[in-house]
Structures are given as structure tokens and as C-alpha cells.
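For reference, the chains in residue letters:
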Amino acid sequence: MSQLPKEFYDEFPDHADQIKKLEAENPDFRAKALRYHELQRAAHRAGMDEEPQSQEADVELMKERDTMRDELMRHIMI
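First, a word on what this report is: a plain description of the structure on this page. (Residues numbered from 1 in each chain as written. Predicted model: local features only at pLDDT ≥ 70, side-chain atom pairs only at ≥ 80, totals over all residues. Heavy atoms only, no water.)

**Description of helix H2 (residues 16-25)**
Basically, it comes down to this: For every residue, the accessible area (1.4 Å probe, protein chains only) is compared with the maximum for its type, and the residue is labelled buried under 20%, exposed over 50%, or partly exposed between those bounds. A run of H or I in DSSP becomes a helix once it reaches four residues, and a run of E becomes a strand once it reaches two; helices and strands are each numbered from the N terminus. Taking the helix axis as origin, the arc is that swept by the directions to the C-beta atoms. Note on definitions: a residue-residue contact is assigned when non-hydrogen atoms from the two residues lie within 4.5 Å.
Residues of H2 that are buried: Ala 16, Ile 19 and Leu 22. When H2 is viewed along its axis, its buried side chains cluster within an angular range of 125° and face the same direction. Among the exposed residues of H2, those oriented more than 90 degrees off its buried face are Asp 17, Ala 24 and Glu 25. Lining the buried residues of H2 we find helix H1 (8-11), helix H3 (27-47) and helix H4 (55-77).

Written as C-alpha cells, this is what we have:
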């Protein structure tokens, strides 16, 4: 795993302008993007064994992160 967690922009570079616009104009998107960022960093820390957790907690973290990513993508594709 990389030493730096991937940011949402890194995962969807073709949509960077749209993401920035949504973050600036849409409070719901901004809140979801912040939550995604928190979840991504937590998953990265767990993966790097900086904050080890149970396998069940890890699975739940990944599910929530993936759900949040899907919700953000729905906003982008509208």
C-alpha cells in the first residue's frame, strides 16, 4: 500500500473540475466528500497497521467508504 492515501480527485481525475464545483456549491456533496476523505484516511491507516482493527471493523469501514464513493459519483454523473 502507498504511503499516502488516495484522494477522491486521484480516483476520478477526469472529473476534478466537476468535483471542485460541487464541493464549492453543494453542501450535501461537500459533507459527503469530507466523510469519504475521513473514511479513506482511516482505511489507509488500518492498511498500514498504524491503527489496527478487527477484520469485521475493517470490512465495515470499507463498505461505508465504498458506499460514500458511490453516492459522490451519483452527484457527479447528474
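**Some points on the pattern of salt bridges**
Oppositely charged side chains are able to pair whenever their charged atoms sit close together. We apply this condition: When a carboxyl oxygen of Asp or Glu is within 4 Å of a side-chain nitrogen of Lys or Arg, the pair counts as a salt bridge.
Under the counting rule described, the total for this entry stands at 8 salt bridges. With a closest N to O distance of 2.9 Å, Arg 35 and Glu 64 form a salt bridge. Taken as a pair, Arg 35 in helix H3 and Glu 64 in helix H4 lie far apart in primary sequence, 29 residues in all. According to the relative accessible area criterion, Arg 35 is partly exposed, its value standing at 31%. Across the pair Arg 65 and Asp 66 runs a salt bridge whose closest N-O atoms are separated by 3.4 Å. Accessibility expressed as a relative area gives 15% for Arg 65, which makes it buried. Given the relative accessible area of 27%, Asp 66 is considered partly exposed. If you follow the salt bridges from partner to partner, you end up with Glu 11, Arg 65, Asp 66 and Arg 69 in one network.

**Thoughts on the packing of H2 against H3**
Applied cut-off: Throughout, an axis means a line fitted to C-alpha atoms (over the contacting stretch in the case of helices), and angles, computed between N-to-C directions, take values from 0 to 180 degrees. Any angle from 65 to 115 degrees is called roughly perpendicular, while one under 35 is roughly parallel, one over 145 is roughly antiparallel, and all others are oblique. Crossing handedness: left-handed means the near helix sits turned counterclockwise from the far one by under a right angle, and right-handed means the same turn made clockwise. Following the grouping adopted for this structure description, the nonpolar residues are Ala, Val, Leu, Ile, Met, Phe, Trp, Tyr, Cys and Pro, the charged ones are Asp, Glu, Lys and Arg, and the polar ones are all others, Gly among them.
Put simply, H2 and H3 touch, their axes get as near as 6 Å, and they point 110° apart. Classified by the angle between their axes, H2 and H3 sit roughly perpendicular to one another. Crossing of H2 against H3: the hand is left-handed. Within the contact between the two elements, H2 uses Ile 19, Leu 22, Glu 23, Ala 24 and Glu 25 and H3 uses Pro 27, Phe 29, Arg 30 and Ala 33. Of the residues assigned to the contact of H2 with H3, the class counts are 6 nonpolar, no polar and 3 charged.

**A few points about the packing of aromatic side chains**
A ring pair, where both rings are aromatic, is described by two values, the distance of the centres and the angle of the planes. Which entries qualify depends on this criterion: For Phe, Tyr and Trp, rings pair up if their centres lie within 6.5 Å, where Trp contributes its six-membered ring, and each pair is then called stacked (planes under 30 degrees apart), edge-to-face (over 60) or tilted (otherwise).
Throughout the structure, instances matching the rule amount to 2 aromatic pairs. An angle of 55° between the planes, with centres 5.0 Å apart, marks the rings of Phe 8 and Phe 12 as tilted. For Phe 8, a relative accessible area of 7% puts it in the buried group. A residue is classified by how much of its surface remains accessible, and Phe 12, at 18% relative accessible area, is buried. Aromatic side chains Phe 8 and Tyr 36 sit 5.3 Å apart centroid to centroid with 70° between the ring planes, which places their arrangement in the edge-to-face category. Of this pair, Phe 8 sits in helix H1 while Tyr 36 sits in helix H3, and the two are 28 residues apart along the sequence. Of the two residues, Phe 8 and Tyr 36, neither departs from the other in class, the shared state being buried. Each residue in the set Phe 8, Phe 12 and Tyr 36 is aromatic and connected to the rest through ring pairs, giving one cluster.

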